[in-house]
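Examining the three-dimensional arrangement
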Number of protein chains: 4
Amino acid sequence: MEAHIKANQHAAKDGQHNRARMLISCPDGPGIVAAVSRFLHEHGANIVQSDQYTMNPEGGMFFMRIEFDLPELDANLRQLQVDFAQVAANFNMEWKITTVSRKKKLAIFVSKEDHCLVELLWQWQAGDLDAEIAMVVSNHNDMREYVESFGIPYHHFPVTADTKKEAEQRQLEIVGDDIDVIILARYMQIISPTFIEHYRNRIINIHHSFLPAFVGGKPYQQAYERGVKIIGATAHYVTEELDGGPIIEQDVQRVSHRDDVTELKRIGRTIERVVLARAVKWHIEDRILVHQNKTVVFN
Amino acid sequence: MEAHIKANQHAAKDGQHNRARMLISCPDGPGIVAAVSRFLHEHGANIVQSDQYTMNPEGGMFFMRIEFDLPELDANLRQLQVDFAQVAANFNMEWKITTVSRKKKLAIFVSKEDHCLVELLWQWQAGDLDAEIAMVVSNHNDMREYVESFGIPYHHFPVTADTKKEAEQRQLEIVGDDIDVIILARYMQIISPTFIEHYRNRIINIHHSFLPAFVGGKPYQQAYERGVKIIGATAHYVTEELDGGPIIEQDVQRVSHRDDVTELKRIGRTIERVVLARAVKWHIEDRILVHQNKTVVFN
Amino acid sequence: MEAHIKANQHAAKDGQHNRARMLISCPDGPGIVAAVSRFLHEHGANIVQSDQYTMNPEGGMFFMRIEFDLPELDANLRQLQVDFAQVAANFNMEWKITTVSRKKKLAIFVSKEDHCLVELLWQWQAGDLDAEIAMVVSNHNDMREYVESFGIPYHHFPVTADTKKEAEQRQLEIVGDDIDVIILARYMQIISPTFIEHYRNRIINIHHSFLPAFVGGKPYQQAYERGVKIIGATAHYVTEELDGGPIIEQDVQRVSHRDDVTELKRIGRTIERVVLARAVKWHIEDRILVHQNKTVVFN
Amino acid sequence: MEAHIKANQHAAKDGQHNRARMLISCPDGPGIVAAVSRFLHEHGANIVQSDQYTMNPEGGMFFMRIEFDLPELDANLRQLQVDFAQVAANFNMEWKITTVSRKKKLAIFVSKEDHCLVELLWQWQAGDLDAEIAMVVSNHNDMREYVESFGIPYHHFPVTADTKKEAEQRQLEIVGDDIDVIILARYMQIISPTFIEHYRNRIINIHHSFLPAFVGGKPYQQAYERGVKIIGATAHYVTEELDGGPIIEQDVQRVSHRDDVTELKRIGRTIERVVLARAVKWHIEDRILVHQNKTVVFN
């Protein structure tokens, strides 16, 4: 196991220390692509991958993701950002630039069901999630030993009706402002609006149904009772509306009348694991743009 | 085209003129399979295929479908049924026996969108739907020429708020009691409880969403607004609850943020066609048992 | 039916009469995106959609597809092409510009199995294939009446070992140089290298297996004998190597031991139809770039 | 972790200590189902689930799987088997009866890639694989610590060209005759015919392609070079023909031109894990019958 962990501690992947990503959302209009690509070219950047989507050519929104290599990125990034601010202002852009070499920091929240956590840790140690898992937070203590065996800090905050508010306050302190994304890996507590507001579009939840079917509790029970022939799971950003936030990814699997609730749960666990891991990967790689209550995913 | 139509008018498939199917639902208990299979063996029948499902071994429901060959089926069927009634009484069975050589009669209801109708007609003429299409009923006249070119009667009942009740009464008369199954192939009128009651578990509807998501009108618009990453279609028996009847079959396809409502509809049409055709095929082949609001499909 | 056909004879979709597409392949290098997008911007074009892919950032190939609107496209296209030739020369580009308003011309080749032809005609009359079906060519006469009922010319060239060469020569004459793409919709004759050379990357075949499994004849028989649990179909450009050309699209469906060869064929027909129609749509929309023996599909 | 392991050491699932499974293969003929179900009924057994398949009604093979409950199973099993031998002889059956309460013994063979092993161990500790993992065998020592942390013995047999024969001899000794099934969880050594013969239809391999495409080494490289649009994995019983044994299960996932070999491997690992785990589960639950080079899977 140690060998795996070490392997993952290489800084950036080979040849990616000068790679950055630019994400842009703005009202559509003529000349945006030209302006951005000319800007990058004039600053010596080479575009490696570019994706672009216009919601509606006339009067809609424009979304763009560019991966580029810039020589001496660390030294030149600041100036690039200062200069780009002017281009951005011309087009009324929301934008950000991230560097591939700076690993994103994850906090994983979990309750008793461990399959999503195990999957994320396995993908992380296999090198498939290029991030730093800064901590695991749980309202139970069950997974401590397992998590700590990876060298990852484990924070246990028991939650009862009485202590819920205080527990969340302490979670907020320990997560802090340094964490890029919080992953609710089957964390069975409702998150308060205050907490959500603090991490807007930075909390990913896995819901164990094909949303918007079976919102709320016991979705496999609901699916069984409705007699559906396909079940699914949904990864989404958390908003104030329960299971109502922007959908990032979904997947499904065929079931039959033979599958009782226990079997649906078993089948569902694999879908949940895969769907959540994909959503996390795309978030880490800056592939997701949120507009109103929907996502644009450049994958 | 004529060649196709003729090809489909062969009576039964070769070697199937002595084949029958038995469908059984009853409370579970010991000895059912033994009693049924002994009965068939003693009557000279050979079981070709048998499927069986128990909802819950202790105190649940038992479902069975048997395909069997019986020499001189036409001559012996009546006596078989009389004799089986006693076995059935012992186990409190609901049951029926159908013969493969007697083609089921279909009535297809359609409005303006033709893709599901076209698919059913194509599968029928290709020999994949082993049934008789007795009529097409529509609240529009658009498809008359196309349908009649297959030699299938076309009945046009315009429907307005005022004439709805009368139109349905006339539909009921023309469909009559001789039709085995009514297929709502994108028929955009609500069916009245009276009509539904008359054809309980014999009306199949195709709903253009992955139920129970997006019940009611404009499901692709709903799907677009919710930003789902997968769309689907659902074939179900019609009950008094809108889009709430027993689900027979569902299928889905992946979509992305790039797909607007028009594109979702286009993708959806193929899913609808395939899902409806499968459900109709299974109904025709006596593969579906309904219990409460769910189906058992032996496919 | 007539209503459908007429509906499809509108020239271009609303608001697309000034839309064009540019396809580019060239060795990768810095500044390509900037040069192209600046060129378009300076010529008054507005980029509606742009997709780009670099096979390998260092020394690989670069592929790009841009949809753009240019005011007075018809009047300005010629000059745009003349001017772009200089940009293209700088980067050693292979490129072309097509206009959305000019419908592509299709020739469909078919033998006796009609499902792929029927699907293409249905999608065409539903407005989902934005092209002109210029002719259907067949080595049998079975589909003549059906095809001609759409107002599409039908050419019958019987093929025997003796007449094969002559038949192909006559096909070449009738197809001519004006056809954009030839679709082998289950055309059961081997195409000669001469013919292939004439329409390089412009002949699409549907093979009824998940290539490269089950190359050659009777793939469903082969699949049955191998006992696979999933069957598929593959649309590909035709090259001199049998079933070996660049793959455009594939899809699959789960099967089981219960499915005999007849059933595999039945299930497969639906996969074939869908896969071929997708490939044709992408070709018509200029979404496919071929490099060596592979495709880049911007969909 | 300990809690999980303990949870899995409950003997049989509740209410299943009297449950057994009967598997039958024989030439088809009249009266088989009747004879078997009467036999079971007369011996006081209650059929919980029965699946049956006839390859071809006239002169083909018949396959059956029955789950039944027999009071005092342990005490009565022996006599049941003795008595059934006579029924079996009448129909020339190959048959066996297994009890659910006796857990099957697994030996997992692994090399350096750990994803399939990790998945099996995770599913096992989650209670989804109702078996005993008796040992892990490897030609490397990398996974020892991880495996032993579950309390599972780890046997390391380095393999070189010179020592291959001897290593296999020692593996044969340590695996012995008590193991129900050997799982090659990405074990990168060719198994000798002698070894295969010893465990006929009891060695499950996961091949990282959609067989029969890409037999042999480096299937993801082969898939990349052929430019397929879907990749897959195949679980099969090992026979003397490389990657040619009876296929148990396959699954696939869509890929695109953007996915290089590394990405194909990453995507493929999840397919491999899921496909292998399903095949192992079905083997453990006696759902697979092998006939010639194909499987009948009652799932």
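Residues numbered from 1 in each chain as written. Chains lettered and ligands numbered in written order. Predicted model: local features only at pLDDT ≥ 70, side-chain atom pairs only at ≥ 80, totals over all residues. Heavy atoms only, no water.

The test is simple: UniProt positions are given in the numbering used here, feature names are shortened, and annotations may be inferred rather than shown by experiment.
Under the annotation held in an unreviewed UniProt entry, chain A carries the name Formyltetrahydrofolate deformylase and is attributed to Paenibacillus sediminis. Per UniProt, the comment on chain A under Sequence similarities (unreviewed entry) is "Belongs to the PurU family."

1. Some points on the UniProt feature "active site" (unreviewed entry) in chain A
Here is the rule: The numbering of helices and of strands both runs from the N terminus, where a helix is a DSSP run of H or I of at least 4 residues and a strand a run of E of at least 2. Between buried and exposed lies partly exposed: a residue is buried under 20% and exposed over 50% of the maximum accessible area for its type, with that area taken using a 1.4 Å probe on protein chains only. In what follows, residue pairs with any heavy atoms lying within 4.5 Å of each other are defined as contacts. Polar contacts, as counted here, are pairs of nitrogen or oxygen atoms within 3.5 Å of one another; within protein the pair requires one atom able to donate a hydrogen and one able to accept it, and residues that are adjacent in sequence qualify only if both atoms are side-chain atoms.
UniProt records the feature "active site" (unreviewed entry) for Asp243 of chain A in the present numbering. Among the secondary structure elements, Asp243 of chain A is positioned in the loop between strand S10 (230-237) and strand S11 (247-254). Residue Asp243 of chain A is classed as buried on the basis of its relative accessible area of 9%. Beyond its immediate sequence surroundings of up to four residues, Asp243 of chain A is in contact with Asn205, His207, Leu211, Val215, Gly216 and His236 of chain A together with Arg226 of chain B. At 2.8 Å, the side chain of Asp243 of chain A forms a polar contact with the backbone nitrogen of Gly216 of chain A.

2. Re the sheet that holds strand S8 (residues 181-184) of chain A
All names here are of chain A. What counts is decided by this rule: Strand pairing is assigned whenever DSSP detects at least two bridges linking the two strands. Lines are fitted to the C-alpha atoms to define the axes, a helix being fitted only along its stretch in contact, and any angle between axes, read from their N-to-C directions, falls within 0 to 180 degrees.
In spatial order, the strands read S7-S6-S5-S8-S9-S10-S11; together these 7 strands make up an open sheet with mixed pairing. The sheet terminates laterally at strand S7 (154-156) and S11, the two strands that pair on one side only. Recorded for the sheet is a direction-independent mean angle of 20° between the axes of neighbouring strands. Strands in contact with helix H4 (residues 115-125) are strand S5 (104-110), strand S6 (131-138), S8 and strand S9 (203-207); relative to S6, the strand with the most contacts, it is inclined by about 160°.

3. Structural notes on the environment of Arg269 of chain B
Mapped onto the elements of the fold, Arg269 of chain B is located in helix H9 (residues 261-284). The spacing of Arg269 of chain B and Ala233 of chain B is 36 residues in sequence and 8.8 Å in space, taken between C-alpha atoms. Sequence-distant contacts of Arg269 of chain B, defined by excluding residues within four places in its chain, comprise Glu113, His115 and Tyr220 of chain B together with Trp122 and Asp128 of chain C.

4. Describing the interface of chain D and chain B
Keep this limit in mind: Once two parts are brought into contact, the accessible area they lose, counted with a 1.4 Å probe and summed over both, makes up the buried area. Salt bridge, as used here, is a side-chain nitrogen of Lys or Arg placed within 4 Å of a carboxyl oxygen of Asp or Glu. Side-chain classes follow a simple rule in which Ala, Val, Leu, Ile, Met, Phe, Trp, Tyr, Cys and Pro form the nonpolar group, Asp, Glu, Lys and Arg form the charged group, and the remainder, Gly included, forms the polar group.
Taken together, the contact between chain D and chain B spans 19 residues of the former and 19 residues of the latter. In total, about 1,700 Å² of surface goes out of reach between chain D and chain B, with carbon and sulfur atoms giving 49% of it. Our count for the contact surface shared by chain D and chain B stands at 0 salt bridges. Counting every contact that joins chain D to chain B gives 9 residue pairs in polar contact (both at pLDDT 80 or more). Sorting the residues of the side of chain D that touches chain B by element identifies helix H2 (32-42) and strand S2 (46-54) of chain D as the ones contributing at least two each. No other element matches S2 of chain D, which puts 8 residues into the side of chain D that touches chain B. Across the side of chain D that touches chain B, the residue classes break down as 7 nonpolar, 9 polar and 3 charged.

5. A look at the pattern of salt bridges
Following the criterion strictly, the structure yields 96 salt bridges over all chains and no others. For Asp128 of chain C, the salt bridge is made with Arg269 of chain B, and the minimal N-O distance between the two is 2.9 Å. Taken as a pair, Asp128 of chain C in the loop between helix H4 (115-125) and strand S6 (131-138) and Arg269 of chain B in helix H9 lie in two separate chains rather than in one. Take Asp128 of chain C and Arg269 of chain B: they sit in the same class, and that class is buried. Residue Glu240 of chain D is joined to Arg200 of chain D by a salt bridge in which the shortest nitrogen-to-oxygen separation is 2.8 Å.

6. Structural notes on unusual backbone geometry
Pro212 of chain A follows Leu211 of chain A through a cis peptide bond whose omega is 5°. Examined against the element boundaries, Pro212 of chain A turns out to sit in the loop between S9 and helix H8 (219-226). Of note in the backbone geometry, Glu72 of chain D takes a positive phi value of approximately 55° without being a glycine.

7. Some details on the relation of the copies chain B and chain A
Applied cut-off: Here the copies are superposed with least squares, the fitted atoms being C-alpha atoms of residues at a pLDDT of at least 70 in both.
Mapping chain B onto chain A leaves a residual RMSD of 0.0 Å; the transformation is a rotation of 180° accompanied by 0.0 Å of translation along its axis. The two molecules are tied by a two-fold rotation axis, judged by turn and shift. Relative to the rotation axis, the C-alpha of Ala213 of chain B is the closest in chain B, positioned 2.3 Å from it. A shared interface surface links the copies, since 100% of the contact residues of chain B are contact residues in chain A too.

8. Considerations on the confidence of the model for chain A
Quick note on the threshold: Residue-level confidence of the predictor is summarised by pLDDT, bounded by 0 at the bottom and 100 at the top.
Scored by pLDDT, chain A has a mean of 92; 94% of the residues are at 70 or more. Low confidence marks residues 1-12 of chain A, where pLDDT is under 50. Its contacts with residues over four positions away, or in another chain, come to 15 contacts.

9. Remarks on the side chain of Asp286 of chain A
Residues and elements named next belong to chain A. Along the chain, Asp286 turns up in the loop between helix H9 (261-284) and strand S12 (288-291). Of note is the side chain of Asp286, whose polar atom sits 3.1 Å from the side chain of Lys104. Residues within four places of Asp286 in sequence aside, it is in contact with Arg21, Leu23, Arg65, Lys96, Thr98 and Lys104.

10. Section: the sheet that holds strand S7 (residues 154-156) of chain C
Residue and element names in this part refer to chain C. The strand order across the open sheet built from 7 strands is S7-S6-S5-S8-S9-S10-S11, with neighbouring strands paired in mixed fashion. Each edge of the sheet is formed by a strand with only one pairing partner; in this case those strands are S7 and strand S11 (247-254). With direction set aside, neighbouring strand axes in the sheet form an average angle of 20°.

11. Quick look at the domain arrangement of chain A
Many authors give the size of an interface as the accessible area that is lost as the parts come together. All names here are of chain A. Heads up, the rule is: Domain start and stop positions are those given by an automatic or database domain assignment.
We note that the domain assignment places domain 1 (19-99) and domain 2 (104-297) within chain A. With centres defined by C-alpha atoms, the gap from domain 1 to domain 2 works out at 31 Å. Contact residues are listed per partner, giving 13 residues for domain 1 and 9 residues for domain 2. Around 880 Å² of area is buried between domain 1 and domain 2 when both sides are counted, 62% of it from carbon and sulfur atoms. The largest contributions to the domain 1 side of the interface with domain 2 come from Leu23, Phe63 and Arg65, which together make up 46% of the buried area.

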